[in-house]
Amino acid sequence: MVKVLVIGIDCGSWNVIQPLVKEGKLPTIKKLMDSSVWGNLKSCEYYYTSPAWKCYSTGKNPGKLGAIGWWSFDKNDKSISLVSSRSFKSKELWDILGEHGLKCGIINMPLTFPPKCVNGVLVTGPPHPDEGCTYPPDLEKEIKQDGYRINPKFDLSIDKDKAISEIADLINKHFLLGEKLLKKSDFDFFQHVIFLTDPIQHHFWKHMEEGDPKYGNAIEDCWKLVDLRIGKLLDSVNGDCYTIIMSDHGATASKGAFRLNLWLNLRGYLHLRSHSFKNMTERVRIKLGFPYHMRFPLSLLGNILIKFGRAFFNINQQRSAREKIRSTQAQNILWKKTKVLSVDQDCMYITVDDNDLGFENELIDEIRNLRNPKSGEKVVRDVKRKEELFEGKYLHQLPDLIIIPEDGYTFMSTPLSGSAQNVWDFSRKGWSGTHSLNGIFMANGPAIKRGEKTDEATIYDLVPTILHIFGLPIPTDVDGRVLKEIFEENSELAKRPVIYEKRERKWQEAKEKKHRLSEEEQIAERLKNLGYM
Ligand SMILES: [Zn+2]
């Protein structure tokens, strides 16, 4: 019987791993590299956790899925809502495997909440709540008895020490669950995702770069732990197995964050019901053409007033839930005058029904030409319309414009609130590491080449490749291909023809046909099925 194990490492990047492997600090990964085909895994064109995990699990681009990022924006009712597993309209790998009677286990993958029925078990991943996190539902009680929790309680930018030790504890707990499930049941397909590598790298990159004596090893220690636990997880698999290690995107140093909504507001593309004092000072600076360093005297008074106000009203203690902040964001916008809004990083929605491409082209040009005010460096590789990057039935639900930044730059969608900010943030106080396009890929198994390098794999290729390993037909609408080059030339997997199936279309047609049937016909059909007609 064929078995496949996928180990997903969020934000896994050879930039970080390879130096540690060379120093002999990651023995399991070194052993895997020697016995695998390995290299870069190109993420989707919008290389964020959402939608990258879903692009992996469906083999499809976001236009066929219907969402990117953590938030979606409804142009009709001007509402902002949190993306969940229900936002992605496609079958995932485990749905297809389950239909063929194969038993699946899926642990900790982002965007799997609320959990759906699978032929096996599913434990949801971040950023959603810990409650109601399993399929079947009774599994939740069992795993929580072992202290299982998805999300860390401590904030990495505030309680660094507590957060680091909590993350190590949670990584151990997540792996222990994986090992326990693998030992308990015989899965055909098992997928274990480690998410906490992502926040550790975001927050401790600068400490790693600077060789900080206190936190400089936080990332290295995290990888050593992951390496150790991968070894133990592999030991828990019975018999021969195909192992794929992959990540949703890569990681790199952050050079600066750009507050996109604030800039849109200052440029007149986004209008608020009220303006704060500090925003006004930034507006004055931009309007009068003052250089960036002049922001300080202009906003100093604003800062003092805001800090005084916060201390007086104890605002810091009343931090709202993220959802509340986002709904307030929508309420604060003056929709009549607003043309553009960003609800997620590196992307924007055009909020007016306007075919005036003039303003769009002007906006695109302005963003393309943005430069780092300190170094003069170009910060944007390109700005693309969604139809230039993606295609599919749900394209209309995606943000209209996607910014592809130069490495290290992030366009933040921070909601505009009463407290004002500068457009650029070079402090690296929150994120000092950010995402990059290339994640990691390693494939190992009976018919897979050993110790060879490939840089041809994309995140869309893993579903077709795994279905091919199982000998199952591949839906025709996947965007990836079977990575035939990873198999030994004379192996059966290299020679076996790739089979495609119009499964998705048939499934959708059946669903649409059912929808068309009148209620009477449905009753008649049910009676017929029950043998009454
Ligand atoms: Zn990620």
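Predicted model, so just to flag it, every value in this text is computed and none were measured. (Residues numbered from 1 in each chain as written. Predicted model: local features only at pLDDT ≥ 70, side-chain atom pairs only at ≥ 80, totals over all residues. Heavy atoms only, no water.)

Observations concerning the nonpolar core
Residues Tyr56, Phe189, Trp263 and Ile367 are the most contacted members of the largest nonpolar core, which totals 89 residues. In terms of residues, this core owes the most to one element, helix H15 (residues 462-470), which gives six residues. Sequence-distant contacts of Trp263, defined by excluding residues within four places in its chain, comprise Phe258, Tyr269, Leu363, Glu366, Ile367, Leu370 and Val423. (Core = buried A, V, L, I, M, F, W, Y, C linked by side-chain atoms within 4.5 Å. Buried < 20%, exposed > 50% of the residue type's maximum accessible area, 1.4 Å probe, protein only. Helix = DSSP H or I, 4+ residues; strand = E, 2+ residues; numbered from the N terminus. Contact = heavy atoms within 4.5 Å.)

What about the coordination of the zinc ion?
Coordination of the zinc ion by the protein involves Asp10 (OD), Thr49 (OG1), Asp248 (OD) and His249 (NE2), with metal-donor separations of 2.0 to 2.1 Å. Coordination geometry of the zinc ion: the four donor atoms subtend angles of 94 to 127 degrees at the metal centre, consistent with an arrangement described as tetrahedral. Read N to C, the donor residues that coordinate the zinc ion are spaced as D-x38-T-x198-D-H. Judged by relative accessible area, His249 falls into the buried class, the value being 0%. (Donors = N, O, S within 2.8 Å, 3.2 Å for Na, K, Ca; no water. Tetrahedral: all angles 85-135°; square planar, octahedral: opposite > 155°, others 65-115°.)

Points about the pattern of salt bridges
Enumeration according to the criterion identifies 34 salt bridges in this entry. A salt bridge links Lys116 to Glu92; its shortest N-O distance comes to 2.7 Å. One end of the pair, Lys116, is in the loop between strand S5 (104-109) and strand S6 (120-124); the other, Glu92, is in the loop between strand S4 (79-82) and helix H4 (93-99), with 24 residues separating them in the sequence. With a shortest N-O distance of 2.6 Å, Glu366 and Arg267 are connected by a salt bridge. Of the two residues, Glu366 is situated in helix H13 (residues 357-368) and Arg267 in the loop between helix H9 (260-266) and helix H10 (277-287); the sequence distance between them amounts to 99 residues. With relative accessibility at 37%, the residue Arg267 sits in the partly exposed group. Overlapping salt bridges bring together Glu23, Lys25, Glu220 and Lys224 as one network. (Salt bridge = Lys/Arg side-chain N within 4 Å of Asp/Glu carboxyl O.)

Side note on the side chain of Glu92
A residue is classified by how much of its surface remains accessible, and Glu92, at 4% relative accessible area, is buried. Within the structure, Glu92 has its side chain in polar contact with the side chain of Lys116 (distance 2.7 Å). In this structure, Glu92 is in contact with Lys54, Ser57, Thr58, Met109 and Lys116, ignoring residues within four places of it in sequence. (Polar contact = N/O pair within 3.5 Å; in protein donor to acceptor, adjacent residues only side chain to side chain.)

Some details on helix H2 (residues 27-34)
The complete set of buried residues in H2 reads Thr28, Ile29, Leu32 and Met33. Across the axial projection of H2, the buried residues extend over an arc of 135 degrees, all falling on one side. When the buried face of H2 is taken as reference, the exposed residues oriented beyond 90 degrees from it are Pro27 and Lys31. Those residues of H2 that are buried are in contact with helix H1 (14-22), strand S2 (37-42), helix H8 (218-235), strand S9 (242-246) and strand S19 (438-444). (Arc of directions from axis to C-beta.)

Brief notes about the sheet that holds strand S13 (residues 347-350)
If you walk across this open sheet you meet the four strands as S12-S13-S15-S14, and the pairing is antiparallel. Two strands close off the open sheet at either side, each with one partner strand: strand S12 (340-341) and strand S14 (380-385). (Pairing = 2+ DSSP bridges.)

Some points on the sheet that holds strand S16 (residues 409-412)
Strand order in the open sheet made by the three strands is S16-S11-S17, with mixed pairing throughout. The open sheet has two free edges, formed respectively by S16 and strand S17 (424-425), since each of these has just one partner strand.

What about H8?
With 18 residues, H8 should cover 26 Å at 1.5 Å per step; its first-to-last C-alpha distance of 26 Å lies within 8% of that length. Those residues of H8 that fall on the buried side of the exposure criterion are Ala218, Ile219, Glu220, Cys222, Trp223, Leu225, Val226, Asp227, Arg229, Ile230, Gly231 and Leu233. (Expected span 1.5 Å × (residues − 1).)

Considering the environment of Tyr135
Along the polypeptide, Tyr135 turns up in strand S7 (residues 134-135). Excluding anything up to four places from it in sequence, Tyr135 contacts Pro115, Lys116, Cys117, Val118, Gly120, Val121 and Leu122.

Quick word on the packing of aromatic side chains
For the structure shown, the criterion picks out 15 aromatic pairs. Here Phe258 and Phe411 contribute two aromatic rings whose centre-to-centre distance is 5.0 Å and whose plane-to-plane angle is 50 degrees, an arrangement assigned as tilted. A residue pair is termed long-range when its members are at least 10 positions apart, and Phe258 in strand S11 (residues 256-259) and Phe411 in strand S16 qualify at 153 residues. If you follow Lys103 out to its NZ or CZ, it ends over the ring of Phe187, 5.4 Å from the centre. Its end group placed over the ring of Trp38, Lys453 keeps NZ or CZ at 5.1 Å from the ring centre. (Phe/Tyr/Trp six-rings, centres within 6.5 Å; stacked < 30°, edge-to-face > 60°. Lys NZ or Arg CZ within 6 Å of the ring centre and 35° of its normal.)

Some remarks on the pairing of S13
Neither face of S13 is exposed, since Cys347 and Tyr349 on one face and Met348 and Ile350 on the opposite face are all buried. Summarising the sheet, S12 and S13 pair through two bridges and their orientation is antiparallel. Looking at S13, one finds that Val340 is bridged to Ile350. What sits between the antiparallel neighbours S12 and S13 is a turn of five residues, in which Asp346 has the positive phi angle 55 degrees. Relative to strand S15 (residues 401-405), S13 is paired through two bridges, and the arrangement is antiparallel. For Cys347, the partnering residue across the bridge sits in S15 and is Ile402.

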